[in-house]
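Observations on the model geometry
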Amino acid sequence: MAASLWVSCGGKVARLLLGRPLVLGAGVAFARGGWRCLHGTRELLGVPGIKVLMPALSPTMEEGNVVKWLKKEGETVSTGDALCEIETDKAVVTMESSEDGILAKILVPEGSKNVRLGSVIGLLVEEGQDWKQVEIPADGGAPSSPAPPAPALTSSPAGPSVSAPPKLERQPGKLLVRLSPAARIILETHGLDTTNLIPTGPRGIFTKEDALKLLQEKQKGKPTEMKPVVSPAPPQPTAVPSQAAAVPPAYPRPAVPPLSTPGQPAAPGTFTEIPASNIRRVIAKRLTESKTTIPHAYAAADCGIDAILRLRKELAKDDIKVSVNDFIIKATAITLKQMPDVNATWNGEVCRQLHSIDVSIAVATDRGLITPIIRDAASKGIKEIAASAKALAKKARDGKLLPEEYQGGSFSCGQ
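Residues numbered from 1 in each chain as written. Predicted model: local features only at pLDDT ≥ 70, side-chain atom pairs only at ≥ 80, totals over all residues. Heavy atoms only, no water.

**Concerning the pattern of salt bridges**
Note the cut-off: Salt bridge, as used here: a side-chain nitrogen of Lys or Arg that lies within 4 Å of a carboxyl oxygen of Asp or Glu. Secondary structure is summarised from DSSP: a helix means a run of H or I of at least four residues, a strand means a run of E of at least two, and numbering begins at the N terminus for each. Three labels apply to residues, based on accessible area from a 1.4 Å probe with only protein chains included: buried if under 20% of the type maximum, exposed if over 50%, partly exposed otherwise in between.
By the definition in use, this model includes seven salt bridges. The partner of Arg-116 in a salt bridge is Glu-63, with the nearest N and O atoms 3.3 Å apart. Of this pair, Arg-116 sits in strand S10 (residues 115-116) while Glu-63 sits in strand S5 (residues 63-69), and the two are 53 residues apart along the sequence. We classify Arg-116 as partly exposed; its relative accessible area is 35%. Among the ionic pairs, Glu-289 bridges to Arg-286, the shortest N-O distance being 3.8 Å. Here Glu-289 and its partner Arg-286 are both found in helix H4 (residues 278-293), three residues apart, which amounts to about one turn of the helix. Under the relative-accessibility criterion, Arg-286 is labelled partly exposed at 30%.

**Comments concerning the environment of Ile-361**
On the secondary structure map, Ile-361 appears in strand S16 (residues 359-361). Relative accessible area serves as the criterion here: at 0%, Ile-361 is assigned to the buried category. C-alpha separation for the pair Ile-361 and Pro-372, spaced 11 residues apart in sequence, amounts to 5.8 Å.

**Details of the layout of surface pockets**
A probe matching the size of a water molecule, rolled over the atoms, marks out where space remains unfilled. Condition: Residues are said to line a cavity or pocket when one of their atoms sits within 4 Å of a point; the points come from a 1 Å grid over protein atoms alone, cavities being sets where a 1.4 Å probe fits but cannot get out and pockets being open sets with protein on both sides within 12 Å along at least five of seven lines. Grid points are joined across faces, edges and corners, and a volume is the space filled by probe spheres set on the points. Ten residue types, Ala, Val, Leu, Ile, Met, Phe, Trp, Tyr, Cys and Pro, are classed as nonpolar, four, Asp, Glu, Lys and Arg, as charged, and the remainder, Gly among them, as polar.
Put simply, the largest pocket is a space of about 1,400 Å³. As for the largest pocket, its lining consists of 35 residues, of which Arg-286, Ser-290, Thr-371, Gly-409 and Ser-412 are closest to the centre. Those elements that provide at least two residues to the lining of the largest pocket are H4, strand S14 (344-346), strand S18 (369-370) and strand S20 (411-413). Per element, the largest residue contribution to the lining of the largest pocket is eight residues, and it comes from H4. Of the residues assigned to the lining of the largest pocket, the class counts are 18 nonpolar, 13 polar and four charged.

**Observations concerning the sheet that holds strand S4 (residues 50-53)**
For the record, the criterion: Whether two strands pair depends on DSSP finding at least two bridges between them.
On the basis of which strands lie adjacent, the open sheet formed by four strands has the order S4-S11-S9-S6 and antiparallel pairing. Either end of the sheet is taken by a strand with one partner, and the two such strands are S4 and strand S6 (76-77). Pairing of S4 with strand S11 (residues 120-125), which is carried by four bridges, proceeds in the antiparallel orientation. Each bridged residue has a counterpart across the sheet, and for Lys-51 the counterpart in S11 is Leu-123.

**Structural notes on the nonpolar core**
Heads up, the rule is: By convention a nonpolar core is built from buried Ala, Val, Leu, Ile, Met, Phe, Trp, Tyr and Cys residues, the set being connected through side-chain atoms within 4.5 Å. A contact between two residues is defined here by any heavy atoms of the two lying within 4.5 Å.
Counting residues in each nonpolar core, the largest one holds 37 residues, and the members touching the most others are Met-54, Cys-84, Ile-86, Ile-121, Val-359, Ile-370 and Ile-374. Those elements that provide at least two residues to this core are S5, strand S7 (82-87), strand S8 (92-96), S11, helix H6 (324-338), S16 and helix H7 (382-398). With five residues, the top contributor of residues to this core is H7. When neighbours within four sequence positions are excluded, Ile-374 is seen to be in contact with Ile-329, Ile-357, Asp-358, Val-359, Ile-361, Lys-380, Ile-385, Ser-388, Ala-389 and Leu-392. Counting nine residues, the second-largest nonpolar core is a separate cluster that includes Ile-186, Leu-187, Ala-211 and Leu-214.

**What about the packing of helix H2 (residues 181-190) against helix H3 (residues 208-220)?**
Let me state the cut-off plainly: To get an axis, a line is fitted to the C-alpha atoms, and for a helix only the part in contact is used. The angle between two axes follows their N-to-C directions and goes from 0 to 180 degrees. When describing relative orientation, an angle under 35 degrees is termed roughly parallel and one over 145 degrees roughly antiparallel, while 65 to 115 degrees is termed roughly perpendicular and anything else oblique. By definition, turning the near helix anticlockwise from the far helix through less than a right angle yields a left-handed crossing, and turning it clockwise yields a right-handed one.
At a closest axis distance of 7 Å, the pairing of H2 and H3 adopts a crossing angle of 25°. With respect to their mutual orientation, H2 and H3 come out roughly parallel. Crossing geometry of H2 relative to H3 is assigned as left-handed. Facing Ala-182, Ala-183, Ile-186, Leu-187 and His-190 of H2, the residues of H3 in contact are Lys-208, Ala-211, Leu-212, Leu-214, Leu-215 and Lys-218. Here the residues of the contact of H2 with H3 are counted per class, giving eight nonpolar, one polar and two charged.

Here it is in structure tokens:
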């Protein structure tokens, strides 16, 4: 720590730095040698903090949410103590402290979203130091995902202003009819008019059959229900000669809701955004990648499971409860052991044939889908598989899975 001092020496002023802490405050006088401390600041005299960073709790994690702090400011923290709960792209994981000290400052409060990896989320100080005087780093805080920058306003050279094209408005007194795509093509091709006809399709739609009926009546020469098609009026001249006025189509789509929609219709273009958790965003990303970047092949087979159902009843008499899915997991593991070429992964460069058969099971939770892993499933019995599957499914729904419990599977089974 340092403080700035001035020394009077024969009319000359020299600035010295003392390498020892001083008492806080300004204008502190030293009687010896006429030294006088002109200023001292809290920034220079604060307690240095130990940064607590947002960790990477899964291999694919890029940002996390702070769900809950398990320690309060001023509490003593030991190595291995639970500091807070972080929502990753896979699950909610408890973050443990890697240092001893006192939690001096929480920089990212509970409920913060999209905190980037490596961001400072808290500060520790060593035991015995004044945690209330901890120095706040310049990069402290919760940098979330950057918001899109506002469009820059650029000045354009003076010239004729170009107005936006006028919106098409419904002409008063003319009833617009909902047309099916096939009916629209027929009407536009033959120049037919639907003003005096009643649509027969569901929700008041003028169908292809209605259009064909109108075409037959025109060919038979029934002018009573036909009106000549009126050509659209020429566009009005505007201030900009190069811009052509928009001409409304002969059969515009009506801006009215279907007749069967109850209640007040919603305004056009309105919607409701449903916030997505990190887990659901990653699920959407991974599913899109898997369907667009991986060749798919599908096979189906019919299996008789009468013997399995009978075995389940026999086991239930001994209070051993297993599901059909537990038998499927066991059968999958045995098959992978017999066909090791299938028990493999691709890392982008080479194919890795795995020696351990780790079967992932899909579990639906309120936060999204997650796949905990039954390790070495081929060597486990059906009872042990059933117990592992139930325990992992409960931890998944409670959000208490550890990273090693859902990372590294070689094969997946749905439930």
